[in-house]
Amino acid sequence: MKVTLRTDVLTNNDKAAEFNRDLFQKMKVMVVNLMSSPGAGKTTLLEETVRALAEKYRIAVIEGDLATERDANRIRAMGAKAVQINTHGGCHLDARMVAAALAELDLEVIDLLFIENVGNLVCPSGYDLGQNHKVAVLSIPEGNDKIPKYPQMFMRTELVLLNKIDLLPFLDFSVEEARKDLGEINPASSLLPLSARTKEGLDEWFSWIEGAFQKCLQL
Ligand SMILES: Nc1nc2c(ncn2[C@@H]2O[C@H](COP(=O)(O)OP(=O)(O)OP(=O)(O)O)[C@@H](O)[C@H]2O)c(=O)[nH]1
Ligand SMILES: [Mg+2]
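This report concerns the structure included in the present document. Along each chain, residue indices are assigned from 1 in the same order as the chain's sequence is written. Chains carry letters from A onward and ligands carry numbers from 1 onward, assigned in written order. Confidence filtering applies because this is a predicted model: local features only for residues at pLDDT of at least 70, side-chain atom pairs given and counted only at 80 or more, and all residues used for totals across whole chains, interfaces and linings. Heavy atoms from the whole structure form the basis of all side-chain values; hydrogens and water molecules are not counted.

### Notes on the coordination of the magnesium ion (ligand 2)
Working step 1: Here the magnesium ion (ligand 2) is held by the protein donor atoms Thr43 (OG1), Asp71 (OD) and Glu116 (OE), which lie 2.0 to 2.1 Å from it.
Working step 2: Positions of the donor residues of the magnesium ion (ligand 2), expressed as sequence spacing, correspond to T-x27-D-x44-E. Of this pair, threonine 43 sits in helix H3 (residues 42-53) while aspartate 71 sits in helix H4 (residues 70-77); the two residues are 28 residues apart in sequence, bridging distant segments of the chain. The same class applies to threonine 43 as to aspartate 71, namely buried. Coordinating donors are taken to be N, O and S atoms lying within 2.8 Å of the metal, or within 3.2 Å when the metal is Na, K or Ca; because water is excluded from the atom set, some sites may appear incomplete. Helix and strand labels come from DSSP, where a helix needs a run of H or I of at least four residues and a strand needs a run of E of at least two; each type is numbered from the N terminus. Buried residues are those whose accessible area, probed at 1.4 Å on protein chains only, stays under 20% of the maximum for their type, while exposed residues exceed 50% and partly exposed ones sit between those limits.

### What to know about the pattern of salt bridges
Working step 1: Any Lys or Arg side-chain nitrogen found within 4 Å of a carboxyl oxygen on Asp or Glu counts as a salt bridge. Enumeration over the complete set of coordinates arrives at 14 salt bridges.
Working step 2: Note that aspartate 94 is salt-bridged to arginine 96, the shortest N-O span being 3.2 Å.
Working step 3: Relative accessible area serves as the criterion here: at 8%, aspartate 94 is assigned to the buried category.
Working step 4: Where aspartate 145 meets lysine 149, a salt bridge forms, and the shortest distance between an N and an O atom there is 3.5 Å.
Working step 5: Classification of aspartate 145 by relative accessible area gives partly exposed; the value is 33%.
Working step 6: Where salt bridges share partners, they join Glu47, Asp71 and Arg74 into one cluster.

### Quick look at the pairing of strand S5 (residues 133-139)
Working step 1: In terms of burial, S5 is largely enclosed, as seven of its seven residues are buried.
Working step 2: Side chains His133, Val135, Val137 and Ser139 project from S5 onto one buried face, and the interleaved Lys134, Ala136 and Leu138 project onto a second face that is buried too.
Working step 3: One requirement defines pairing of two strands: DSSP has to find at least two bridges between them. Two strands pair when backbone bridges link them, and strand S1 (residues 30-36) and S5 are joined in this way by five bridges, in the parallel orientation. Looking at S5, one finds that methionine 35 is bridged to alanine 136.
Working step 4: Two elements, S5 and strand S6 (residues 159-163), share five bridges in a ladder whose sense is parallel. The residue of S6 that forms the bridge with serine 139 is asparagine 163.

What follows is the structure, given as structure tokens:
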């Protein structure tokens, strides 16, 4: 299906987000906007997600970075379709960029679309991309203070993937403290500790995806 963009979609983020959301719903594509600091492990998690789920779901990824095609190439190397957006200095993706990238994807043959936002704990949280779900990744080396210090990100996400738990023996991060801080800022959100490196906890992430996909089919 060819995506044609109207003028208002190109000039207004909320209009563009609405356009994307309608399209995703019509095409029964479940879309996750994945956000985190640089290096928290978004692409590694997506590589492992493609590795584990590619036989069950048709997966595509939109990658957002200031520069390079590196993350899209990592996803392509796993066998999934990936479109790279370069923001050339911009600190977040917006719905217009996503709408333009959709022209390179055939949504008719996609079940799950992951949008890896630009690595940044501030700007990405303020922009609706038309996604079904906003998910944050926080990693153990970033420290316990990130949830209270960057509340907007964690207020607006429904799931926090706490990545790199394989490093817990070497760093003074408290999972319980993170859970308590998240509960205070956003009681509706869940914290899921995992490691994209050792694969511990990944099955729970995959179950969450399965549930979200089933919910999306019922919309
Ligand atoms: N120890 C450990 N390292 C990890 C884990 N997940 C990712 N890494 C490493 O963390 C580094 C950054 O991972 P990426 O997946 O590139 O992080 P990202 O969030 O996509 O980074 P940007 O796209 O730059 O924002 C890489 O060296 C990964 O190998 C993990 O669970 N444990
Ligand atoms: Mg990345």
